[in-house]
Amino acid sequence: MQPILKPSLLGTALSLALADPAVAAPLKIALVETLSGPQASTGKLFVSAARYGIERINTAGGFNGEPIQVLEYDNQGGPVGASDKVKAAINDGAHIIIQGSSSAIAGQITEDVRKHNLRNRGKEVLYLNAGGEALELTGEKCHFYHFRFTSNAPMRVKPLVEAMKATGDLGKRVYSINQNYSWGQDMERAITEMAPIGGYTVVEKVLHDVNKIQDFAPYVAKIKAANVDTVITGNWSNDLLLLMKASADAGLKVRFGTTFLDQVGNLANAGAVALGHYVAHPYNAEAAGDAGKRFVEDYARKTGHAPVYTEPQTVNAMAFLAEALKSVKPGADGRIDATAIAKALETTRIETDLGPLTIRAADHQAELPIVVSQVSKDAVYKIDGTDMGFKPVKVFSGESVVNPVQSSCRMQRPD
């Protein structure tokens, strides 16, 4: 039988416990991701990768000797749902929020976190952005408690154009088609700005509604009529899946330069028409050699599938967090200090399978390697049950592709 403490003794015991860092509250990480609706397949990949990375941290001892607790929330694919779930996560004691499957949702979360931190000094939370790539997130919306562990439009378009030009596959006439919101607008701008370096003319630019178009045949017909060499697109989720399907159905013969062609289902939808298409992405296991093989095997063993699409960059984000946490200790009262974790993140550096990963302190944009790959039957790792995969063309260092700090980022640092 457990002894029953008298009220006075109970108060003393609680005071001692709170004063002892060894019994500090566990670090809580909230995954506020899209787990229902049309983008759920992407959201579930972020959750799978984050859980894999956090489990590796816990296997190595957790944080302050305690396992990290993972909380999971469905943001229902929209900013309003995300905002509600961020509040719920904070009320449930979350210290860190992770999300990645939409720049629109990322914009809402980063603003919610910023406002919470302004109103709750000493009880700040961090937002680790694993996939929202809109420039505004490290531009006018930048703040000290937001960290982006993926790329942005210029960081993808620059290596994509350079690699395709070097292989002779870029051509002189380019068609730009993108989703009409912050990310797609960033892509259109980057495609236009890279034209002098790529030596091409942007023949036509199209921005369309996000995840509302069910048939891209009319868009493919316009591409065909424009007589272009290459289509460059930042489309993702259903908008890329359906664009690939329409391209296959129409027998479109132009080359595609993409940023998310490695999304599950794209190669299966496109079929043989995808052969020769390009993608600029943060990871390619074949490019990583033996280290990539070990990662693929371990991830498949622990999650039931090989790492795809956004999963490797999310795993690297968790590895980066793990390294930063090594230099952070809870306060004397056992409180977990998000500001201390943020400062540690700014000075952390890790070696990924493809090269160094660092965070730029001025805007909290990650400098991470970008791989340009081409769809080929010669790729080591086949995708979507097809006989095709992504053959590495060139690996670019994070330092060589990162865009300059935007003048709109005026980060206010804590005292």
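As shown above, the structure is provided for reference.
It should be emphasised that the depicted structure is a prediction, and the values quoted were computed from it without experimental measurement.

1. Digging into the overall build of the protein
Here's step 1: Summing up its helical and strand segments, the protein has 14 helices and 15 strands in all.
Here's step 2: The C-alpha atoms of the protein give a radius of gyration of 22 Å, which matches the 22 Å a tight globule of 415 residues would have.
Here's step 3: Taking the principal axes of the C-alpha coordinates as reference, the protein spans close to 85 × 45 × 35 Å.
Here's step 4: Counting over 415 residues, the protein shows a buried share of 55%.
Here's step 5: Nonlocal contacts in the protein, meaning residues at least 24 apart in sequence, comprise 71% of its contacts between residues at least 6 apart.
Here's step 6: Of the roughly 17300 Å² of accessible surface on the protein, 52% is carried by carbon and sulfur atoms.
Here's step 7: Across the protein, the centroid of the 43 positively charged side chains sits 1 Å from that of the 44 negatively charged ones.

2. Some points on empty space enclosed by the protein
Empty space among the atoms becomes visible once a probe the size of a water molecule is rolled across them.
Here's step 1: By the definition in use, this model includes 4 cavities of 30 Å³ or more.
Here's step 2: In this structure, the largest cavity occupies an estimated 130 Å³ of space.
Here's step 3: In this structure, the largest cavity is lined by 18 residues; those nearest its centre are G100, S101, G131, W236 and F260.
Here's step 4: Taken together, the residues that form the lining of the largest cavity break down as 6 nonpolar, 10 polar and 2 charged.
Here's step 5: The calculated volume of the second largest cavity comes to roughly 70 Å³.
Here's step 6: As for the second largest cavity, its lining consists of F149, P282, Y283, Q313, N316, A317, T352, L354, L357, L368 and P369.
Here's step 7: Grouping the amino acids of the lining of the second largest cavity by side-chain chemistry returns 8 nonpolar, 3 polar and no charged.

3. What about the nonpolar core?
Here's step 1: Ranked by internal contacts, the top residues of the largest apolar core, which has 114 residues, are I97, I109, L126, L128, I341 and L345.
Here's step 2: With 7 residues, the top contributor of residues to this core is helix α5 (residues 153–167).
Here's step 3: Those residues in contact with I97 that lie beyond four places of it in its chain are A30, V32, V86, I90, I109, V113, L126, Y127 and L128.

4. Things to note about the pairing of strand β4 (residues 126–129)
Here's step 1: Side-chain alternation along β4 places L126 and L128 on one buried face and Y127 and N129 on a second face that is also buried.
Here's step 2: Handedness of the crossover is the feature at issue here: the chain leaves strand β3 (residues 96–99), passes through helix α4 (residues 103–119), returns alongside β4, and the resulting connection is right-handed.
Here's step 3: Pairing geometry for β4 and strand β5 (residues 146–148), over 3 bridges, is parallel. When the bridges of β5 are listed, N129 appears paired with R148.

5. Examining the side chain of T339
Here's step 1: Tracing the backbone shows T339 in helix α13 (residues 338–346).
Here's step 2: Judged by its relative accessible area of 12%, T339 is buried.

6. Overview of the pairing of strand β12 (residues 355–359)
Here's step 1: For β12, the tally of buried residues reaches 4 of 5 residues, placing the bulk of the element in the interior.
Here's step 2: Pairing between strand β11 (residues 349–352) and β12: 4 bridges, direction antiparallel. Within the sheet, the bridge partner assigned to T352 lies in β12 and is G355.
Here's step 3: Linking two consecutive strands that pair antiparallel, namely β11 and β12, is a turn of 2 residues.
Here's step 4: Looking at chain direction, β12 and strand β13 (residues 366–367) are connected through 2 bridges and run antiparallel. Residue pairing across strands places T358 opposite E367, the latter belonging to β13.

7. Examining helix α8 (residues 217–225)
Here's step 1: Inspection of α8 places Y219, V220 and I223 among the buried residues, and these make up the whole buried set. Along the axis of α8, the buried positions cluster into a sector of 100°, meaning they face one direction only.
Here's step 2: At its buried positions, α8 is contacted by β6 (173–179), β7 (201–208), β8 (230–233) and α9 (238–250).
Here's step 3: Phi turns positive one or two residues past the end of α8, at N227, with a value near 55°.

8. Details of unusual backbone geometry
Here's step 1: A positive phi angle, close to 60°, is found at N64, a residue other than glycine.
Here's step 2: Assignment of secondary structure puts N64 in the loop between α2 (40–59) and β2 (69–74).
Here's step 3: We classify N64 as partly exposed; its relative accessible area is 25%.
Here's step 4: In this model, D384 sits at a positive phi of 60°, which is unusual for a non-glycine residue.
Here's step 5: Turning to its location among the elements, D384 is positioned in the loop between β14 (370–376) and β15 (389–396).

9. Overview of the pattern of salt bridges
In a structure, side chains of opposite charge can pair up when their charged atoms sit close to one another.
Here's step 1: Inspection of every chain in the model, using the stated rule, returns 18 salt bridges.
Here's step 2: Put simply, K245 and D249 hold a salt bridge, and the shortest N to O gap is 3.2 Å. Taken as a pair, K245 and D249 lie in helix α9 at a separation of 4 residues, close to a single helical turn.
Here's step 3: K245 gets classed as partly exposed once you look at its relative accessible area, which sits at 37%.
Here's step 4: Between K293 and E297 there is a salt bridge, with the nearest N and O atoms lying 2.7 Å from each other. Here K293 and its partner E297 are both found in helix α11 (residues 289–303), 4 residues apart, which amounts to about one turn of the helix.
Here's step 5: A relative accessible area of 42% means that K293 is categorised as partly exposed.

Cut-offs applied
Residues numbered from 1 in each chain as written. Predicted model: local features only at pLDDT ≥ 70, side-chain atom pairs only at ≥ 80, totals over all residues. Heavy atoms only, no water. Helix = DSSP H or I, 4+ residues; strand = E, 2+ residues; numbered from the N terminus. Rg over C-alpha atoms; globule rule 2.2 N^0.38 Å. Buried < 20%, exposed > 50% of the residue type's maximum accessible area, 1.4 Å probe, protein only. Contact = heavy atoms within 4.5 Å. Areas by Shrake-Rupley, 256 points an atom, 1.4 Å probe, with all protein chains shown as cover. Lys, Arg positive; Asp, Glu negative; His and termini not counted. Charge placed at Lys NZ, Arg CZ, Asp CG, Glu CD. 1 Å grid on protein atoms, 1.4 Å probe; cavity = no way out; pocket = protein on both sides within 12 Å on 5 of 7 lines; lining within 4 Å. Points joined across faces, edges and corners; volume = space filled by probe spheres on them. Nonpolar A, V, L, I, M, F, W, Y, C, P; charged D, E, K, R; others polar. Core = buried A, V, L, I, M, F, W, Y, C linked by side-chain atoms within 4.5 Å. Right-handed = clockwise from strand over helix to strand, strands pointing away. Pairing = 2+ DSSP bridges. Arc of directions from axis to C-beta. Salt bridge = Lys/Arg side-chain N within 4 Å of Asp/Glu carboxyl O.

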